[in-house]
Amino acid sequence: DELKKQGVRVYVLDHLSKFSLIINLVKIIKILKQEKINLVHTELPYGNLLGQTAALLAGIKRRISTCENTSWAIDHKNRKQLWIDTLTYRLAKKIIVLTDLSKEYLINNYKLQEHKISTIWHALKMEEYQNISPQRVEKIKKELSIKENNFILGMVARGEEWKGHIYAIKAISLLKNKYPNICLLIIGIDDSQKYGMKLTNYLHIHQLTDNIRLIKFVPDNVALY
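A brief look at the structure comes next.

What counts, and where the lines are drawn
Residues numbered from 1 in each chain as written. Predicted model: local features only at pLDDT ≥ 70, side-chain atom pairs only at ≥ 80, totals over all residues. Heavy atoms only, no water. Helix = DSSP H or I, 4+ residues; strand = E, 2+ residues; numbered from the N terminus. Rg over C-alpha atoms; globule rule 2.2 N^0.38 Å. Buried < 20%, exposed > 50% of the residue type's maximum accessible area, 1.4 Å probe, protein only. Contact = heavy atoms within 4.5 Å. Phe/Tyr/Trp six-rings, centres within 6.5 Å; stacked < 30°, edge-to-face > 60°. Pairing = 2+ DSSP bridges. Axes fitted to C-alpha atoms, helices over the stretch in contact; angles between N-to-C directions. Core = buried A, V, L, I, M, F, W, Y, C linked by side-chain atoms within 4.5 Å. Right-handed = clockwise from strand over helix to strand, strands pointing away.

1. Considering the overall build of the protein
Point 1. Broken down by element type, the protein carries ten helices and seven strands.
Point 2. Taken over the C-alpha trace, the protein has a radius of gyration of 22 Å; the compact-globule value for 225 residues is 17 Å, which it surpasses by more than 25%.
Point 3. Dimensions of the protein, computed from the C-alpha atoms along their principal axes, are close to 60 × 40 × 35 Å.
Point 4. Classification of the 225 residues of the protein by burial places 33% in the buried group.
Point 5. Long-range pairs, those at least 24 residues apart, make up 60% of the contacts in the protein with a sequence separation of at least 6.

2. A look at the packing of aromatic side chains
Point 1. This model, assessed by the stated rule, comprises three aromatic pairs.
Point 2. Here Y89 and Y110 contribute two aromatic rings whose centre-to-centre distance is 4.9 Å and whose plane-to-plane angle is 80 degrees, an arrangement assigned as edge-to-face. Of the two residues, Y89 is situated in helix α5 (residues 79–91) and Y110 in helix α6 (residues 100–110); the sequence distance between them amounts to 21 residues.
Point 3. Using a relative accessible area of 3% as the deciding quantity, one classes Y89 as buried.
Point 4. For the ring pair Y129 and Y225, a centre distance of 6.4 Å and an interplane angle of 20 degrees mean the geometry is stacked. Of this pair, Y129 sits in the loop between β4 (117–119) and α7 (134–143) while Y225 sits in the segment after α10 (221–224), and the two are 96 residues apart along the sequence.
Point 5. Look at Y129 and you get partly exposed, because its relative accessible area is 25%.

3. Considering the sheet that holds strand β6 (residues 182–187)
Either a parallel or an antiparallel arrangement is found when strands of a sheet pair, and the pairing is made through backbone hydrogen bonds.
Point 1. Within the open sheet, the three strands sit side by side as β5-β6-β7. Their pairing is parallel. A strand with exactly one partner marks an edge of an open sheet, and here the two such strands are β5 (151–156) and β7 (212–215). Sheet twist, expressed as the mean angle between neighbouring strand axes with direction ignored, is 20 degrees.
Point 2. Across four bridges, β6 lies against β7 in parallel orientation. Paired with I187 across the bridge in β7 is I215.
Point 3. Packing of helix α8 (residues 165–175) onto the sheet brings it into contact with β5, β6 and β7, and relative to β6 it is tilted by some 170 degrees.

4. Describing the environment of R90
Point 1. Checked against the element boundaries, R90 lands in helix α5.
Point 2. A C-alpha to C-alpha distance of 9.5 Å links R90 and Q52, two positions 38 residues apart in sequence.
Point 3. Those residues in contact with R90 that lie beyond four places of it in its chain are Y110, L112 and K116.

5. Let's talk about the nonpolar core
Point 1. In terms of nonpolar packing, the biggest core is built from 14 residues, with I169, I186, I212 and L214 touching the most fellow members.
Point 2. Of all hydrophobic cores here, the second largest spans ten residues; its members include A73, A92, L106 and L112.

6. Quick look at the pairing of strand β1 (residues 39–43)
Working note: regular strand, side chains alternate between the two faces of the sheet.
Point 1. Across the two faces of β1 the burial differs, with V40 and T42 buried and L39, H41 and E43 not buried at all.
Point 2. Across five bridges, β1 lies against strand β2 (residues 62–66) in parallel orientation. Counted as the bridge partner of E43 is T66 from β2.
Point 3. Read as a crossover between parallel neighbours, the route from β1 over helix α3 (residues 45–57) to β2 is right-handed.

Here it is as structure tokens:
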């Protein structure tokens, strides 16, 4: 909806079952040809699988993929993801990584040529973080019930187990007695969903609710930082 408001043409392809992969592959090829696309950029598992394959079948030579979870498939011994990643790296003409460490990992583990990989680091618009009004900061503190004597730690990671929230939580459980004012804010957890409920239950059992807060969304992330 936000893209449409900006005048961008948008296609939404629903994934309902395994059959959707074939159906959506055909739809993507038609869209690429209809829109006369000459460059395709993809990311995430099915985006890469369908996007890179469709681009190849549509005869598009400029194919780019952004690699975000570089070692996930090998770390978790996930053959399906390993197959998707391997195919993606073979089909893509250019691969974007977020760190030089990721670049080195792909070269060593997937035997890719260095010239095929480019590093584009995460970046901040520094001007947005300058001259933040005290009112914005105080509003965030009030919304999140942050006290003046709290020592705040932050973790921004969506609610998926492999993100490793439990390790941060267990670390706080070891520190809270020595540093009672320590407070970990975990942003991106919906406590109404199964995984969020699991973490919430863990916090209650281990008496960590005063030191750890699960937060679904913060509207002013600049003021938060």
